[in-house]
Amino acid sequence: MVPNVTLNDGRTMPQLGFGVWQVEPEVAVPAVHQALKDGYRLVDTAAIYGNEEGVGEGIRLSELPRDDVFLTTKLWNPQHGAAADALDESLARLSLTHVDLYLIHWPTPKQGKYVEAWRTMIELQKTGKTRSIGVSNFTVDNLNRIMDETGVVPVVNQIELHPGFPQEELRAFHHAHGIVTESWSPLGQGKGLLESPVLAEIGAKYGKTPAQVVLRWHLDLGLVAIPKSVTPARISENLQVFDFALDADDMARIAGLEDGKRLGGDPATANYGVD
Ligand code: NAD
């Protein structure tokens, strides 16, 4: 049901996935299980989310072959100097032998260790403990630095991206370098954005909800999106976005929702966990 995008290392990943930030581990078990039953094949977690055990359990409950599930986790900031141990710890919590994508969660410029972390990630990919390697919240400067110093281009940069904050400049840079753009908080975290009458009007034309219209917007821009919900009906709803398409007028109206406001931290100054 969900199309794949091809990564610059030759692997593929689903274009729509299930995010589990702020989901308690015991809630993650049924949520991930349901998402996989519904047809999601990409799950996005992180060491700092504290729910890797629950995510691993949800994947096992699905009884899907391991290769049918694309699992992302992320290196937490204070472990930039210990990425190999951090991945082992994540795998132990997940009770899995590999993840599909391992991301540096934030560059944390104050630490000055993300190039070191990236060098270790390059080695980790060779061990097979992660199939692909990428980054999150990297700026153009951060990306240029790791590419210049190692020659290895991340497959993905996972960044805050929704109609309010569409990141056109960074997207163009990614496109020029073969980096897939993955949108975090793709629904703008729900409140606010999803109340826009523009989205309701567009949705009414297609019999779709504002959330479905926004997810279609990500897909039509070629982005990977990882909406989060723990509400069973919404988990299903967020996957029902492959039976309609937006037209140019719809896309232009959604572009008009840009307000330039971030919902999360600014990667140029955020130093979570290492301040
Ligand atoms: P989101 O944009 O996915 O919004 C989620 C919220 O929207 C839900 O909590 C719910 O309130 C609402 N919602 C969901 N589906 C809905 C529907 N169909 N109708 C109405 N409301 C609905 O926000 P998010 O959780 O911040 O981001 C998604 C995922 O992105 C996270 O779970 C995580 O995996 C990832 N993420 C990554 C980073 C990073 O630094 N790399 C940061 C934030 C989030």
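Residues numbered from 1 in each chain as written. Predicted model: local features only at pLDDT ≥ 70, side-chain atom pairs only at ≥ 80, totals over all residues. Heavy atoms only, no water.

(A) Structural detail: the packing of aromatic side chains. For the coordinates displayed, the defined rule picks out five aromatic pairs. Pairing Y206 with F244 gives two aromatic rings, centres 5.5 Å apart and planes at 45°, and the pair type is tilted. Of this pair, Y206 sits in helix α7 (residues 197-206) while F244 sits in the loop between α9 (232-237) and α10 (248-255), placing them 38 residues apart in sequence. Taken together, the ring pairs connect W106, W184 and Y272 into an aromatic cluster. Above the ring of Y114, the side-chain terminus of R145 is found at 5.6 Å from the ring centroid. (Phe/Tyr/Trp six-rings, centres within 6.5 Å; stacked < 30°, edge-to-face > 60°. Helix = DSSP H or I, 4+ residues; strand = E, 2+ residues; numbered from the N terminus. Lys NZ or Arg CZ within 6 Å of the ring centre and 35° of its normal.)

(B) Local environment of the sheet that holds strand β3 (residues 18-19). An order of β3-β4-β5-β6-β7-β8-β9-β10 is seen for the eight strands of this open sheet, with the pairing classed as parallel. Both outer strands of the open sheet, β3 and β10 (224-225), are each paired with one neighbouring strand and no more. The sheet contact formed by strand β6 (residues 99-104) and strand β7 (residues 130-136) spans five bridges and is parallel. Residue L103 lies in a different strand from β7, and its bridge partner there is G134. (Pairing = 2+ DSSP bridges.)

(C) Spotlight on the site of the ligand. Around the ligand there are 27 residues in total, and D44, S136, S185, L187 and N238 lie nearest to it. With respect to the ligand, the side chain of Q158 contributes an N or O atom lying 2.9 Å from a nitrogen atom. In isolation the ligand offers 840 Å² of accessible surface; the protein chains occlude 89% of this area. Looking at the shell around the ligand residue by residue, the classes come out as eleven nonpolar, eleven polar and five charged. (Near = heavy atom within 4 Å. Polar contact = N/O pair within 3.5 Å; in protein donor to acceptor, adjacent residues only side chain to side chain. Areas by Shrake-Rupley, 256 points an atom, 1.4 Å probe, with all protein chains shown as cover. Nonpolar A, V, L, I, M, F, W, Y, C, P; charged D, E, K, R; others polar.)

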